[in-house]
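Letter by letter, the chains look like this.
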Amino acid sequence: MTLESKIRSLLEIAIKKVPYYSYLQSYDEYYELTKFPVITRDILSNENVHFINSDYIHDLKQMICLRTSGTSTGHPMEIYWKSDDYIKSSKSIWKYRKKWYDISPFDTYICFHTYMYYGNRVEKNQLYFYHKNYLSLNAHELDDNRLRDYCNLIKKYKPKWIQFIPNIALKFVTYMEKNNINPFESVEYIEYNGETLSDAIRQRVDNFFNVKSANLYGSIETNSIAYECPHHNIVFMNENIWVESINGKIYITNLHNTVMPLIRYDLGDRIELIPNKCSCSNSPFSITKIYGRNTDGIRIGNTFVTESLAGYCIDYANGNLCNSIQQYQFIRKNNMWNLVLYIAPKFNGWQETIKSEIIAIMKIQKIYIKRENIIFVNHEIPYANKKFNVFNY
């Protein structure tokens, strides 16, 4: 099936079978992708059940159900897939894992989890569990005792690769360096996903493990979106998604989900694109930077500071500061927002220089933060969930 016919078929399913799009049935022009309305996270969250194909509404128990964390919308969303559709959607990422990094679906690996769902009931998972060719570790409460146990489990399991959430990777590296634990001998590849990957964390983790690594950009709603090639270009997975770039935003259409087709989905992320010149992919664009959500944010003075704007400022500062800032978080205390920073231990003594650089860069963006509201901690910034939140309310 050609790309054009695949998109046409998906649009027909959406218009004829999905309640949210049913009002478009009388308009022939809506069989063109660009005529479809843009869907935001808020719309999907509020209208969740109305995006389900009516042919499957009574068979959802037989479908794959994936749940978002809900950190952006206030509550989790359920995304349904047919098993066959999900396998088709995953083929492109596995194809390139093998082609670029010699990683196959049968290789053993480590991943991380938070909760298990039993119908409408949610429970914290056990500390770890084995399933087929992977070992999944609980991402909650990663103190030194748990990190020690996990390191021992990983050594014993001997995985070929690790699927790391960036801030969890940082926790492992910090613990292992502090306790003189060598990198895992069996690990040949590290893949980062699940949250925005900063240059500082990438540099520190890559330097420690000294193996091949790549950044995977995706979402639970759409599956894989873009993947880093061996030449360090993050290129779009054109076999899985169709991407539009309009006025600095990207809209994603997954080409395979017939149970819950999402047409022109706006993830709300701020992303920098350039024309793709890499021979690794025929993707029209490659991603130079992913800054995170452009919708979540706080107000500092008269400026609304989004996750992506905060990420831009810190990344810019880090470029001038040897990637000294490992983590940052805005924490509200006494009706004031404090910027909390964790810097790599070798940069102790740079605190006042770092403050000056951040204040200067944020001032250009009309973010006026006081010197006393920039606070340093000598440990990783703790967080409760699997994902690290830039704003701690």
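These numbers were taken from a predicted model, which means no experiment stands behind them. Per chain, residue numbering runs from 1 following the sequence as it is written. Reporting in this predicted model follows two pLDDT cut-offs: at least 70 for local features of residues, and 80 or more for side-chain atom pairs to be given and counted; totals over whole chains, interfaces and linings ignore these cut-offs and use all residues. Calculation of side-chain values draws on the structure's entire complement of heavy atoms; hydrogens and water are dropped beforehand.

(A) Structural context of the packing of aromatic side chains. Here a pair means two rings of Phe, Tyr or Trp (six-membered ring of Trp) with centres within 6.5 Å. Their orientation is stacked below 30 degrees between planes, edge-to-face above 60, and tilted elsewhere. Following the criterion strictly, the structure yields 25 aromatic pairs and no others. For the ring pair Tyr-21 and Phe-51, a centre distance of 5.9 Å and an interplane angle of 80 degrees mean the geometry is edge-to-face. With a gap of 30 residues between them, Tyr-21 in the loop between α1 (3–17) and β1 (39–40) and Phe-51 in the loop between α2 (41–46) and β2 (64–67) connect regions that are remote in the sequence. By relative accessible area, Tyr-21 is classed as buried at 0%. Relative to Tyr-189, the ring of Tyr-101 has its centre 5.0 Å away and its plane inclined at 20 degrees; by these criteria the two rings are stacked. Highlighted residues: Tyr-101 in helix α3 (residues 83–101) and Tyr-189 in strand β10 (residues 189–192), separated in sequence by 88 residues. Per residue, the accessibility class of Tyr-101 equals that of Tyr-189, and both read buried. Only DSSP runs of H or I covering at least 4 residues are called helices, and only runs of E covering at least 2 are called strands; the numbering of each starts at the N terminus. Three exposure classes are used, based on accessible area relative to the maximum for each residue type with a 1.4 Å probe and protein chains only: buried under 20%, partly exposed in between, and exposed over 50%.

(B) Helix α5 (residues 166–178), seen in detail. Multiply 1.5 Å by the residue count of a helix minus one, and that product is the helix's expected span. Given a rise of 1.5 Å per residue, 13 residues ought to cover 18 Å, and the 18 Å separating the end C-alpha atoms of α5 matches this to within 8%. Taking burial as the measure, the 13 residues of α5 include 11 buried ones, the bulk of the element. Among the residues of α5, Pro-166, Asn-167, Ile-168, Ala-169, Leu-170, Lys-171, Phe-172, Val-173, Thr-174, Tyr-175 and Met-176 are the ones counted as buried. At the exit of α5 stands Asn-180, carrying a positive phi of roughly 55 degrees.

(C) Local environment of helix α8 (residues 351–364). Spanning 14 residues, α8 covers 20 Å between terminal C-alpha atoms, matching the ideal 20 Å at 1.5 Å per step. Here α8 has its buried residues at Ile-354, Lys-355, Ile-358, Ile-361 and Met-362. Buried positions in α8, seen along its axis, are confined to an arc of 140 degrees and lie on one side of it. Looking at α8, the residues exposed on the side facing more than 90 degrees away from the buried face are Lys-363 and Ile-364. On its buried face, α8 sits against α7 (307–320), β21 (325–333), β22 (336–343) and β23 (374–377). Looking at the residues trailing α8, positive phi occurs at Lys-366, about 65 degrees. Taken from the helix axis, the directions to the C-beta atoms give the arc we talk about. Every residue pair with non-hydrogen atoms within 4.5 Å of one another is taken to be in contact.

(D) Up close: the nonpolar core. In these notes, a set of buried Ala, Val, Leu, Ile, Met, Phe, Trp, Tyr and Cys residues joined through side-chain atoms within 4.5 Å is what counts as a nonpolar core. Judged by nonpolar contacts, the single largest core of 40 residues is most densely connected at Tyr-21, Leu-44 and Tyr-217. Contributing elements (two or more residues each) for this core: α1, β3 (78–81), β12 (223–228), β13 (234–236), β14 (241–246), β15 (249–254) and β18 (285–293). Counting residues per element, this core draws most heavily on α1, which supplies 5 residues. With residues near it in sequence (within four places) discarded, Leu-44 still touches Ile-39, Phe-51, Met-77, Ile-79, Glu-221, Met-260, Leu-262 and Tyr-265.

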